[in-house]
Amino acid sequence: MSDDSTNQRRDGTGAQAPSGAAHDEDLAFRELLRGLRVWDHPLPPFDASRAPDAPLPLFRRWLREAAEAGQPEPHTMALATADAAGNPSVRIVMLHDADERGWHFGSHRGSRKGRELADRPRAALLFYWAAVARQVRIEGTVTEAGPEESAAALHARSTGSLAAALVGRQSRPLGSAAELDRAADAAWERAVREPDAPVGDWTRYTLHADTAEFFQGDARRRHVRLNYRSDGGTWRRELLWP
């Protein structure tokens, strides 16, 4: 029997290694990854000992500072949910507000995230602001607002947001791009004509945080991680190893 190392090249996982053009493409991709630089610009300081007693004021300040530093779309965030079996999913959504009740966002109840939140009303949020090497991770329970609050939140947004909500059918299979074009055009016309048009299953969700971690990156990898934990109605602060 031939020696495995000469007859079948394998990588560290035991899988058969690629050869020829595929091998060269793999090498080129790894070289690309290794050549990418992060945090090669001046970064803001973060003195965790002077952080506020609760996470909301710090979050608002950091989002404002990210915007002022030129971070594109600092109000977008990754929203992670899980289905009834515990299978996770994640997507980028927009933050609508952050106040003493929690972090607010919206979606259709019939979308994948809406169905998963109905099964498991817990979620995690992640904000990443590369311009200032900061990220914020928030975890907690999620509740649905009532129809009146949900409708008011939707109708306070842009015509485009209302049109997108009117299209509906989020996460369902789409037959063709032409079908989407027709639905989107009709929804836009209705949103312009009827700015208070109802969207029955569009819902405002609120994540009530029980943990919130603030991460300040450092070019020498001496990152600062400050974690807030809710404990009986008060917040406990602790530093974490990077």
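Note that the coordinates shown come from a computational prediction; the quantities given were computed from them, not determined experimentally. (Residues numbered from 1 in each chain as written. Predicted model: local features only at pLDDT ≥ 70, side-chain atom pairs only at ≥ 80, totals over all residues. Heavy atoms only, no water.)

Undergrad: Just to check I follow, could you spell out the pairing of strand β8 (residues 224-231) for this structure?
TA: The side chains of a regular strand alternate between both faces of the sheet. Bridge analysis of strand β7 (residues 202-216) against β8 gives six bridges, and the strand direction is antiparallel. Looking at the pairing, Ala212 lines up with Tyr228 of β8. Where β8 and strand β9 (residues 234-240) come together, seven bridges link them in antiparallel fashion. Each bridged residue has a counterpart across the sheet, and for Asn227 the counterpart in β9 is Glu238. Joining the antiparallel neighbours β8 and β9 is a turn of two residues, in which Gly232 adopts a positive phi near 60 degrees. (Pairing = 2+ DSSP bridges. Helix = DSSP H or I, 4+ residues; strand = E, 2+ residues; numbered from the N terminus.)

Undergrad: Sorry if this is basic, but what is going on with the environment of Trp241 here?
TA: On the secondary structure map, Trp241 appears in the segment after β9. For the pair formed by Trp241 and Arg37, sequence separation is 204 residues and the distance between their alpha carbons is 23 Å.

Undergrad: I tried to follow the nonpolar core on my own but got confused; where do I start?
TA: Most often, soluble globular proteins keep nonpolar side chains buried together rather than apart. Membership of the largest hydrophobic core comes to 32 residues, with the highest contact counts inside it found for Phe59, Trp103, Phe127, Trp129 and Ile138. Elements with a contribution of two residues or more to this core: α3 (55-68), β1 (76-82), β4 (102-108), β5 (122-129), β6 (134-144), β7 and β8. No other element matches the six residues that α3 contributes to this core. One finds Ala153, Ala187, Ala191 and Trp202 within the second-largest nonpolar core, a separate group that totals 11 residues. (Core = buried A, V, L, I, M, F, W, Y, C linked by side-chain atoms within 4.5 Å. Buried < 20%, exposed > 50% of the residue type's maximum accessible area, 1.4 Å probe, protein only.)

Undergrad: Any chance you could explain helix α6 (residues 159-167) here in plain terms?
TA: Counting along an α-helix, one turn takes 3.6 residues, and residues three or four places apart therefore face a common direction. Among the residues of α6, Ser161, Leu162, Ala163, Ala165 and Val167 are the ones counted as buried. Each element contacted by the buried residues of α6 is listed here: β4, α5 (147-155), α7 (177-193) and β7. At the exit of α6 stands Gly168, carrying a positive phi of roughly 65 degrees. (Contact = heavy atoms within 4.5 Å.)

Undergrad: Help me understand the side chain of Arg225, please; the structure alone is not making it clear to me.
TA: Positionally, Arg225 belongs in strand β8. Here Trp241 takes part through its backbone oxygen, which lies 3.0 Å from a polar atom of the side chain of Arg225. Sequence-distant contacts of Arg225, defined by excluding residues within four places in its chain, comprise Arg137, Glu213, Phe214, Phe215, Glu238, Leu239, Leu240, Trp241 and Pro242. (Polar contact = N/O pair within 3.5 Å; in protein donor to acceptor, adjacent residues only side chain to side chain.)

Undergrad: What is the right way to look at a nonpolar patch on the surface in this model?
TA: Taken together, the side chains of Phe29, Leu32, Leu33 and Leu36 define a hydrophobic patch exposed on the protein surface, amounting to about 410 Å² of accessible area. Along the chain, Phe29 turns up in helix α2 (residues 20-35). (Patch = residues over 30% accessible without salt bridge, like charges linked within 9 Å, V, L, I, M, F, W, Y side chains within 5 Å. Areas by Shrake-Rupley, 256 points an atom, 1.4 Å probe, with all protein chains shown as cover. Salt bridge = Lys/Arg side-chain N within 4 Å of Asp/Glu carboxyl O.)

Undergrad: Got a minute to help me understand the packing of aromatic side chains in this structure?
TA: Here a ring pair, both rings aromatic, is described through the centre-centre distance and the interplanar angle of the planes. For the structure shown, the criterion picks out 10 aromatic pairs. Seen in terms of ring centroids, Trp62 and Phe214 are 5.3 Å apart; in terms of plane orientation they differ by 85 degrees. Their pairing is edge-to-face. Of this pair, Trp62 sits in helix α3 while Phe214 sits in strand β7, and the two are 152 residues apart along the sequence. With relative accessibility at 0%, the residue Trp62 sits in the buried group. An angle of 45 degrees between the planes, with centres 5.8 Å apart, marks the rings of Phe127 and Trp129 as tilted. For Trp129, a relative accessible area of 1% puts it in the buried group. Connected via pairs of aromatic rings, a cluster forms that spans Phe46, Trp62, Phe214, Tyr228 and Trp235. Geometry around Trp62 places Arg134 over its ring, the cationic atom sitting 4.2 Å from the centre. (Phe/Tyr/Trp six-rings, centres within 6.5 Å; stacked < 30°, edge-to-face > 60°. Lys NZ or Arg CZ within 6 Å of the ring centre and 35° of its normal.)

Undergrad: Honestly, the packing of α6 against α7 in this entry has me stumped. Any pointers?
TA: Any two packed helices are characterised by how steeply their axes cross, that is the angle between the axes, and by the distance between the axes. One can describe the packing of α6 onto α7 by two numbers: an axis separation of 8 Å at closest approach and a directional angle of 130 degrees. If you check the angle between α6 and α7, you find them oblique. The way α6 lies across α7 gives a crossing that is right-handed. Counted together, Thr159, Gly160, Leu162, Ala163, Leu166 and Val167 of α6 and Leu180, Ala183, Ala184, Ala187, Trp188, Arg190, Ala191 and Val192 of α7 form the full contact between these two elements. Considered class by class, the residues forming the contact of α6 with α7 number 11 nonpolar, two polar and one charged. (Axes fitted to C-alpha atoms, helices over the stretch in contact; angles between N-to-C directions. Parallel < 35°, antiparallel > 145°, perpendicular 65-115°, else oblique. Left-handed = near helix turned anticlockwise from the far one by under 90°. Nonpolar A, V, L, I, M, F, W, Y, C, P; charged D, E, K, R; others polar.)

Scope: geometric values only; no functional claims are made or implied.
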